[in-house]
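# Observations on the three-dimensional arrangement
As a plain string of letters, each chain reads:
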Amino acid sequence: MAEAVREGGGHVVALEEAEGIVWSDPRAPEALGDTLAKAPQARWVQLPFAGIERFVHLLDRDRTWSCGKGVYAEPVAELALMLGLAGLRGLGTYGRATSWDQPRGINLLGGRVTILGGGGITTSLVRLLQPFDCHVTVVRRTAAEMEGVDVVLESDRYADALPGADLVVLALALTAETDGLIGAEELALMERHAWLVNVARGRHVVTDDLVTALRDGVIGGAGLDVTEPEPLPDGHALWSLPNCIITPHVGNTPEMAKPLLAERITANVRRFAVDEELIGLVDLDSGY
Ligand SMILES: NC(=O)c1ccc[n+]([C@@H]2O[C@H](COP(=O)([O-])OP(=O)(O)OC[C@H]3O[C@@H](n4cnc5c(N)ncnc54)[C@H](OP(=O)(O)O)[C@@H]3O)[C@@H](O)[C@H]2O)c1
C-alpha cells in the first residue's frame, strides 16, 4: 500500500501530518474511528473494500471518502459466472456424488439472467456473459442504459425481474434498503429451476428462508460466495444441501485483491494531488 502511495507521487508520513488516509483493514472500523480522531487535518479517506457497510457510521462531510467499488469487479464476476454455470449444470449434486448419477442441468446458453446491482461487478459480468447470448436484465437504483443489457429496471421494480429468470445474480451494495431483500416472497417469485448466485453480501438474503426454499425445491439452487452469518458455522443446514454451492468469500482472494487495490490507490493519490475527482467516491446520502 505504501508503495502504491509513492507510485502515485505521494509521501507516506506520520498520521499528524497526513492529508489523506489509506485504510487497508476491511474489518476494523473502530480502529479507523480512533485514527480519524487523531488526524482531524486529513481531508480524504480511502477504504479498502467495495462494500463499506462496516464503515458507514464513520462517514462525515468534512472529508472526501472513496472506496474499492469496482476494484474487484473482474475476479468477482468470474466467480459469479462460475457459480451460475456450476449450479445450472448440476455440479452441486455431481460434485458430492459417489456413484454414476441421472442426467440433470440446463443451459446458460441463450438463458435469461437477472442481475441486481449495476456497478463494477455487473459491468464485468455482462461482458463475460456476451458469448452465452443471454437475455440480461439489470436492476439498479438509477436506471441508465447499459451496454450488453437488454432491460434496465429501477430498484423498486426488482420483484418484476425475478420471474422468468434462469439465473439471478446479486451484485448490489448492502444498504438499509437491500438488507434482507431476498426472502420467502422473492424466492417464491423465482422459477423452480432457477439458481440464485450471491457474490455481494450475505445479508441481502434471509438465510432461513433460503434454506426452506432450497429444501422444498422452490428454486433450483443457490451459489453463495457470501453468507449470513459469515463465516458460515460448521454444521449449518446450507452445507449439506446438494443444491447449494458455497465458496468462502473468495470473489477476490488477497492475492488477487492486492495489485488491484494498489492500482486504485495510486490512481487516487495522483488525482488527490491535483484536486481531480477521485475514483470510487462514496455517495454519503446513499451509503455506498
Ligand atoms: N464476494 C466478494 O468478494 C466481493 C468483492 C467485491 C464486492 N463485493 C460486494 O459486491 C457489491 C457490489 O460491488 P461493485 O464493485 O459492483 O460495487 P458498485 O460499483 O458500488 O455497485 C453497487 C451497485 O449496487 C446498486 N444498488 C444500490 N442499491 C440498490 C438497490 N436498492 N437495488 C438495486 N441495486 C442497488 C448500485 O446502483 P446504481 O449503479 O444505480 O447506483 C450499484 O450499481 C459491493 O457493495 C460489495 O458488497 C463482494
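Everything below is about the structure printed above this text.
The paragraphs below set out a description of the structure included in this document. (Residues numbered from 1 in each chain as written. Predicted model: local features only at pLDDT ≥ 70, side-chain atom pairs only at ≥ 80, totals over all residues. Heavy atoms only, no water.)

### Looking at the nonpolar core
Definition in use: Think of a nonpolar core as a cluster: buried Ala, Val, Leu, Ile, Met, Phe, Trp, Tyr and Cys residues, connected wherever their side-chain atoms sit within 4.5 Å. Summary of the burial criterion: residues with accessible area below 20% of their type's maximum are buried, those above 50% are exposed, and those between are partly exposed, where the area comes from a 1.4 Å probe applied to protein chains only. Starting at the N terminus, helices and strands are each numbered in turn, a helix being any DSSP run of H or I of at least four residues and a strand any DSSP run of E of at least two.
Counting 39 residues, the largest nonpolar core has L108, I115, L125, L129, V136, V169 and V199 as the members making the most contacts within it. Taken together, the elements giving at least two residues each to this core come down to α1 (2–7), α3 (73–88), β4 (112–116), α5 (120–129), β5 (135–140), β7 (167–170), β8 (195–198) and α9 (254–273). Tallying contributions element by element places α3 first for this core, with 8 residues. L153, L181, V211 and I246 belong to the second-largest nonpolar core, a separate cluster that totals 29 residues.

### A word on the sheet that holds strand β2 (residues 44–46)
Note the following rule: DSSP bridges decide pairing: two strands pair if at least two such bridges lie between them. Note on method: axes are straight lines fitted to C-alpha atoms, helices fitted across the in-contact stretch only, with angles between N-to-C directions ranging 0 to 180 degrees. Residues are treated as being in contact if the distance between any of their heavy atoms lies within 4.5 Å.
The 3 strands lie next to each other as β1-β2-β3, forming an open sheet whose pairing is parallel. Among the strands making up the open sheet, the edge pair consists of β1 (20–22) and β3 (64–66). Along the sheet, successive strands turn relative to each other by an average axial angle of 10°, direction set aside. Relative to β2, β1 is paired through 3 bridges, and the arrangement is parallel. Paired with V22 across the strands is Q46, a residue of β2. Sitting on the sheet, helix α2 (residues 29–38) touches β1, β2 and β3, and the angle it makes with β1 is about 160°.

### As for the pairing of β7
Selection rule: Classification remark: right-handed applies to a crossover when, strands pointing away from the viewer, the course from the first strand over the helix to the second runs clockwise.
Burial along β7 is two-sided: L167 and V169 and V168 and L170, pointing in opposite directions, are all buried. In this structure, β4 lies alongside β7, joined through 4 bridges in parallel fashion. Paired with I115 across the two strands is V169, which belongs to β7. Sheet topology places β7 next to β8; 4 bridges connect them, and they run parallel. Across the sheet, L167 pairs through a bridge with W195, a residue of β8. This β-α-β element, β7 to helix α6 (residues 184–189) to β8, shows right-handed connectivity.

### Section: unusual backbone geometry
For the bond from E228 to P229, the omega torsion is 5°, close enough to zero to count as cis. Note on placement: P229 falls in the loop between β9 (221–224) and α8 (237–240). E230 connects to P231 through a cis peptide bond whose omega is 0°. Here H249, not a glycine, exhibits a phi torsion of approximately 50°, which is positive. Position of H249 relative to the elements: it lies in the loop between β10 (244–246) and α9. The exposure class of H249 is partly exposed, given its relative accessible area of 27%.

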